[in-house]
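# Topology and contacts: notes
Below, each chain spelled out in residue letters.
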Amino acid sequence: MINEAEAIKIAEKHHGPGFHFFSITHGAADISVSLAYVANARKWHPDDVWCVLCSAHPGKMMLCSSRAIIISKDTGEIVFDGDAGDEG
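A few points on the structure.

## Brief notes about the overall build of the protein chain
Of the regular secondary structure elements, the protein chain holds two helices and four strands. Reading the protein chain from its N end, one meets helices and strands in the order α-β-α-β-β-β. The globule rule puts the C-alpha radius of gyration for 88 residues at 12 Å, and the 12 Å found for the protein chain is close to it. For the protein chain, the spread of C-alpha atoms along the principal axes amounts to about 35 × 25 × 15 Å. A total of 88 residues make up the protein chain; the buried ones form 40% of that total. A total accessible area of about 5,300 Å² is found for the protein chain, and carbon and sulfur atoms account for 55% of it. Side chains of the protein chain carry 7 positive and 12 negative charges; the gap between the two charge centres is 6 Å.

## Notes on the pattern of salt bridges
Oppositely charged side chains can pair when the atoms bearing their charge come close. Applying the stated criterion to the full structure yields one salt bridge. With a closest N to O distance of 2.7 Å, Arg 67 and Asp 81 form a salt bridge. Separated by 14 residues along the polypeptide, Arg 67 in strand S3 (residues 67-72) and Asp 81 in strand S4 (residues 78-83) bring together distant segments of the chain. Residue classification places Arg 67 among the buried residues on the basis of a relative accessible area of 17%. For Asp 81, a relative accessible area of 34% translates into the label partly exposed.

## Digging into the side chain of Ser 66
Here Ser 66 lies in the loop between strand S2 (49-54) and S3. Residues within four places of Ser 66 in sequence aside, it is in contact with Phe 22, Leu 53, Cys 54, Ala 56, Gly 82, Asp 83, Ala 84 and Asp 86.

## Digging into helix H2 (residues 33-41)
All of the buried residues along H2 are Leu 35, Ala 36, Val 38 and Ala 39. What you see down the axis of H2 is that its buried residues fit within an arc of 165°, all on one side. Residues of H2 that are exposed and point more than 90 degrees away from the buried face comprise Val 33, Tyr 37, Asn 40 and Ala 41. Packed against the buried residues of H2 are S2, S3 and S4. Two residues or fewer past H2, Lys 43 is found with a positive phi of approximately 60°.

## Some remarks on the nonpolar core
In this structure, Leu 35, Trp 44, Cys 51, Ala 68, Ile 70 and Phe 80 are the most contacted members of the largest nonpolar core, which totals 13 residues. Where this core is concerned, the elements lending two or more residues are H2, S2 and S3. Apart from residues no more than four positions distant in its own chain, Ala 68 is found in contact with Leu 35, Cys 51, Val 52, Leu 53, Phe 80, Asp 81, Gly 82 and Ala 84. Among the nonpolar cores identified, the runner-up in size contains 10 residues, and Ile 2, Phe 19, Ile 24 and Val 52 belong to it.

The rules behind the values
- Residues numbered from 1 in each chain as written.
- Predicted model: local features only at pLDDT ≥ 70, side-chain atom pairs only at ≥ 80, totals over all residues.
- Heavy atoms only, no water.
- Helix = DSSP H or I, 4+ residues; strand = E, 2+ residues; numbered from the N terminus.
- Rg over C-alpha atoms; globule rule 2.2 N^0.38 Å.
- Buried < 20%, exposed > 50% of the residue type's maximum accessible area, 1.4 Å probe, protein only.
- Areas by Shrake-Rupley, 256 points an atom, 1.4 Å probe, with all protein chains shown as cover.
- Lys, Arg positive; Asp, Glu negative; His and termini not counted.
- Charge placed at Lys NZ, Arg CZ, Asp CG, Glu CD.
- Salt bridge = Lys/Arg side-chain N within 4 Å of Asp/Glu carboxyl O.
- Contact = heavy atoms within 4.5 Å.
- Arc of directions from axis to C-beta.
- Core = buried A, V, L, I, M, F, W, Y, C linked by side-chain atoms within 4.5 Å.

What follows is the structure, encoded as structure tokens:
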């Protein structure tokens, strides 16, 4: 079982240079409507995945959505990497 700290390290390694951690949550549905849709479609329950929010465009000053890296709690596999839909 992957814990919170391990999930952040997995996301950091996957992201590469410029990783800037914002937050981590159980599940993804509470982040945005678009991630709620993805979570429901893929049947991710909060106990199944970690959602790490991090910088989408390192080093650039702009209003944009965070990057969501969603990680299986059981395996540590990255099951989603994309726009969090939380801009604004």
